[in-house]
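# Working through the structure, step by step
Here's the letter readout for the chains.
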Amino acid sequence: MTEALLARAVGVDPKTIGRWVSNPARVPHARHRAAASRALDEEETVLWPAVQTLVKSGPDRELVQLYPYRSAAPTSLWAQLIRRAESELVFAGYTNYFLWLEQARLGEVLRKKAAAGCRIRFILGDPASPVTRQRESEEAVPLTLSTRIEVTLAELSKLRDVPNIEARFETGHAHLSVFRFDNDMIVTPLLPGRVGHDAPMMHLRRAQDNGVFDRYLDHVEGLWGRGRNVWTNSEVEHATA
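Predicted model only: the values in this text are computed from it and were never measured.

Right, let's get into the overall build of the protein. Helix and strand counts for the protein come out as 11 helices and eight strands. For the protein, whose C-alpha radius of gyration is 20 Å, the value lies close to the compact-globule estimate of 18 Å for 241 residues. Here the C-alpha coordinates of the protein stretch approximately 65 × 40 × 35 Å along the principal axes. Classification of the 241 residues of the protein by burial places 49% in the buried group. Within the structure as shown, the protein displays about 12,200 Å² of accessible surface, and the carbon and sulfur contribution to it stands at 52%. Taken together, the 31 basic and 30 acidic charged side chains of the protein have centroids lying 5 Å from each other.

Moving on: the packing of helix α6 (residues 76-84) against helix α8 (residues 106-115). Relative orientation of the contacting elements α6 and α8 amounts to 25°, with a least axis distance of 10 Å. Relative to α8, the element α6 lies roughly parallel. Residues Ile82, Arg83 and Arg84 of α6 form the contact with α8, whose participating residues are Leu106, Val109 and Lys113.

Turning our eyes to something else, we now look at the nonpolar core. Grouped together as the largest cluster of nonpolar side chains are 36 residues, with contacts concentrated most on Leu89, Phe91, Leu110, Ile120 and Phe181. Only α6, β2 (88-92), α7 (97-102), α8, β3 (119-124), α10 (145-157), β4 (165-169) and β5 (176-181) provide two or more residues apiece to this core.

Attention shifts here to the environment of Phe169. By the element assignment, Phe169 lies in strand β4. Distance in space between the C-alpha atoms of Phe169 and Val131 is 12 Å, their sequence separation being 38 residues. Discounting chain neighbours no more than four positions away, the residues touching Phe169 are Leu124, Gly125, Asp126, Pro127, Leu153, Gly227, Arg228 and Val230.

Let us now look at the layout of surface pockets. Approximately 200 Å³ is the volume found for the second largest pocket. Lining of the second largest pocket is provided by Ala34, Ser37, Arg38, Asp41, Glu42, Glu43, Glu44, Gln65, Leu66, Tyr67, Ala72 and Pro74. Breaking the lining of the second largest pocket down by element, the ones donating at least two residues are α3 (30-40) and β1 (63-67).

The next point concerns α3. For α3, the set of buried residues is His32, Arg33, Ala35, Ala36 and Ser37. A positive phi of about 55° marks Asp41, the residue just after α3.

Taken as a whole, this structure holds 13 salt bridges when the rule is applied. Of the charged contacts in the structure, one is a salt bridge between Lys112 and Glu108, with a shortest N-O distance of 3.4 Å. Taken as a pair, Lys112 and Glu108 lie in helix α8 at a separation of four residues, close to a single helical turn. Assessed through its relative accessible area of 40%, Glu108 is described here as partly exposed. The shortest N-O distance in the salt bridge between Glu139 and Arg148 comes to 2.4 Å. With relative accessibility at 9%, the residue Arg148 sits in the buried group. Members of the salt-bridge network, linked through shared partners, are Glu88, Arg121 and Glu221.

It is worth spelling out the sheet that holds β1 at this point. Here eight strands make up an open sheet; going across it, the order is β1-β7-β6-β5-β2-β3-β4-β8 and the pairing mixed. Looking along the sheet, the strands with just one partner apiece sit at the ends: β1 and β8 (228-229). Examined bridge by bridge, β1 and strand β7 (residues 201-205) share four bridges and lie antiparallel to one another. For Tyr67, the partnering residue across the bridge sits in β7 and is Met201. Of the strands in this sheet, β3 and β4 touch α10, which is tilted by about 155° from β3.

Turning our eyes to something else, we now look at the packing of helix α1 (residues 3-10) against helix α2 (residues 14-22). Axis separation between α1 and α2 bottoms out at 8 Å; the angle between their running directions is 110°. Viewed along their axes, α1 and α2 adopt a mutual orientation that is roughly perpendicular. Judged by the twist between their axes, the crossing of α1 over α2 is right-handed. Facing Glu3, Ala4, Leu6, Ala7 and Val10 of α1, the residues of α2 in contact are Pro14, Ile17, Gly18, Trp20 and Val21.

This next bit is on the environment of Ala128. Inspection of the secondary structure puts Ala128 in the loop between β3 and α9 (130-139). Judged by its relative accessible area of 55%, Ala128 falls in the exposed class. Along the primary structure Ala128 and Gly227 are separated by 99 residues, whereas in three dimensions their C-alpha atoms are 14 Å apart.

Procedures and definitions
- Residues numbered from 1 in each chain as written.
- Predicted model: local features only at pLDDT ≥ 70, side-chain atom pairs only at ≥ 80, totals over all residues.
- Heavy atoms only, no water.
- Helix = DSSP H or I, 4+ residues; strand = E, 2+ residues; numbered from the N terminus.
- Rg over C-alpha atoms; globule rule 2.2 N^0.38 Å.
- Buried < 20%, exposed > 50% of the residue type's maximum accessible area, 1.4 Å probe, protein only.
- Areas by Shrake-Rupley, 256 points an atom, 1.4 Å probe, with all protein chains shown as cover.
- Lys, Arg positive; Asp, Glu negative; His and termini not counted.
- Charge placed at Lys NZ, Arg CZ, Asp CG, Glu CD.
- Axes fitted to C-alpha atoms, helices over the stretch in contact; angles between N-to-C directions.
- Parallel < 35°, antiparallel > 145°, perpendicular 65-115°, else oblique.
- Contact = heavy atoms within 4.5 Å.
- Core = buried A, V, L, I, M, F, W, Y, C linked by side-chain atoms within 4.5 Å.
- 1 Å grid on protein atoms, 1.4 Å probe; cavity = no way out; pocket = protein on both sides within 12 Å on 5 of 7 lines; lining within 4 Å.
- Points joined across faces, edges and corners; volume = space filled by probe spheres on them.
- Salt bridge = Lys/Arg side-chain N within 4 Å of Asp/Glu carboxyl O.
- Pairing = 2+ DSSP bridges.
- Left-handed = near helix turned anticlockwise from the far one by under 90°.

Shown next, in the form of structure tokens:
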């Protein structure tokens with residue numbers, strides 16, 4: 001995008017955009033940051049990292065961005081986080097269905113990540129569980145949770161023999177989805193009767209020991225330790241992180 005196009009989208013003079021580019025320490029007004037973020041489909045704290053340190057301190061530093069809906073996040077965010085992760089990817093959504101719809105060639109990307117040494121784990125809801133049936137009753141939508149889980153299982157079956165890619169069933173995250181990308185994390189607390197894209201969404205970045213990031217990470221590791229392998233359909237030994 002040219003400076004002139006961005007200036008038009010934000011509602012400022014092109015020279016103002018030029019000053020932003022030439023001086024990264026310059027932080028625009030909040031409304032201009034928000035407009036630029038929308039135009040560039042990128043988070044404010046990525047465009048202007050100083051914003052996070054200016055307005056946050058203590059544990060709050062770990063909150064990069066808060067969205068009222070998962071669908072309100074930039075479409076590029078998930079792809080960026082997946083691409084940047086090098087050692088740990090964890091997808092602890094109850095179905096993870098939306099990932100296969102929204103991320104182009106996700107299976108191919110995961111295969112390459114795994115080959116490069118990245119550990120990739122999926123934690124899915126058990127389609128046969130009473131917990132799943134209860135949530136299906138709450139959602140009352142034609143595309144049921146069980147169906148969405150089966151879509152993910154079908155995609156994962158293509159990656160079954162790839163080293164570093166694992167998947168387990170658990171139901172302890174029926175109303176809380178957590179996705180880890182090394183030291184970044186997406187958390188969506190699901191509201192009763194609402195589907196995932198209607199859930200509030202937090203983007204966290206680890207900044208301290210025993211902070212918010214680590215609390216959710218402990219939750220995910222607990223789920224993993226209690227889970228059972230989706231491909232052997234048998235109980236597995238408790239895993240270490």
